[in-house]
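# Reading the structure
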Amino acid sequence: MKRIGLFLLPLGLFLLITVFLLQGLFSNPRDIESSLLNQPVPTFRLPDVMDASIEYGPEVFDGEVTLLNVWGTWCVTCAIELPFLTELRQQGVRIVGLYYEQNMDPDFGGKTLPEIRLDIDKTLSQLGNPYVFNIFDEQRDTSMDFGVTGAPETFLIDRQGKVRLHHVGDLNERVWQTKFLPLYQELSQ
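Because the structure is a prediction, the values reported are computed rather than measured.

### A closer look at the pattern of salt bridges
Once the charged atoms of two side chains with opposite charge are near each other, the side chains can pair. Going through the model one piece at a time under the given rule, you end up with 4 salt bridges. Put simply, R94 and E64 hold a salt bridge, and the shortest N to O gap is 3.6 Å. Here the residue R94 occupies a position in strand β4 (residues 94-99), and E64 occupies one in the loop between β2 (55-56) and β3 (66-71), the gap between them amounting to 30 residues. Classification of E64 by relative accessible area gives partly exposed; the value is 40%. Note that R164 and D158 form a salt bridge whose closest N and O atoms lie 3.5 Å from each other. Owing to a relative accessible area of 25%, R164 belongs among the partly exposed residues under this scheme.

### Notes on the nonpolar core
Counting 28 residues, the largest nonpolar core has L67, W71, L88, L156, L171, W176 and F180 as its most contacted members. Looking at this core, the elements with two or more residues in it are β3, α2 (76-90), β4, α3 (113-127) and α5 (173-188). The leading source of residues in this core is α5, at 7 residues. The residues touching L171, leaving out its near neighbours within four places in the chain, are L67, E81, F84, L85, L88, T154, W176 and F180. Formed by 19 residues, the second largest nonpolar core is a distinct cluster that contains F44, F61, L68 and V70.

### Brief notes about the pairing of strand β6 (residues 153-157)
Here β6 lies mainly inside the structure; 5 of its 5 residues are buried. Side chains of β6 alternate between two faces, with E153, F155 and I157 and T154 and L156 buried alike. The sheet contact formed by β3 and β6 spans 5 bridges and is antiparallel. Residue pairing in the sheet places N69 in a bridge with T154 of β6. Sheet topology places β6 next to strand β7 (residues 163-168); 5 bridges connect them, and they run antiparallel.

Rules and cut-offs
- Residues numbered from 1 in each chain as written.
- Predicted model: local features only at pLDDT ≥ 70, side-chain atom pairs only at ≥ 80, totals over all residues.
- Heavy atoms only, no water.
- Salt bridge = Lys/Arg side-chain N within 4 Å of Asp/Glu carboxyl O.
- Helix = DSSP H or I, 4+ residues; strand = E, 2+ residues; numbered from the N terminus.
- Buried < 20%, exposed > 50% of the residue type's maximum accessible area, 1.4 Å probe, protein only.
- Core = buried A, V, L, I, M, F, W, Y, C linked by side-chain atoms within 4.5 Å.
- Contact = heavy atoms within 4.5 Å.
- Pairing = 2+ DSSP bridges.

What follows is the structure in structure tokens.
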């Protein structure tokens, strides 16, 4: 009887670990359930990336359905999504940028603010500028409050300033049509 127990314990542990690892193998890392869904956007007070004398807070989302797009010039995927986001803006979709800069950190090269602004101007003039304005999250505190894991990420925010959808990865035609558009149309009515 003891010999059977000694055999079953390692077998049970092996099966438990196998099931756990298989779940991770077949899960979609972009399907992250945001704790902010149906909650007001976090409180923040941040400057415009191009003009530090202008400050923004959660009130920028009041009264208009808005996409908040987390991006950076260093982000290759962000560059790929910019032309599509520009098309959306031309169709009347309001898009606000949350500029997420990793290169101000000395560990990543320590860019200065004027260098960052030049990069932004160059990128947006080449690939299109979908943004009404860009909020500058220098310390990345607000990004962390939103639960951002990297760039790009996009949030759909309703007229009351509540987060209604959070998407990790690029926003492209397929994602827009299947994930965003139905809710965007419902919220825009």
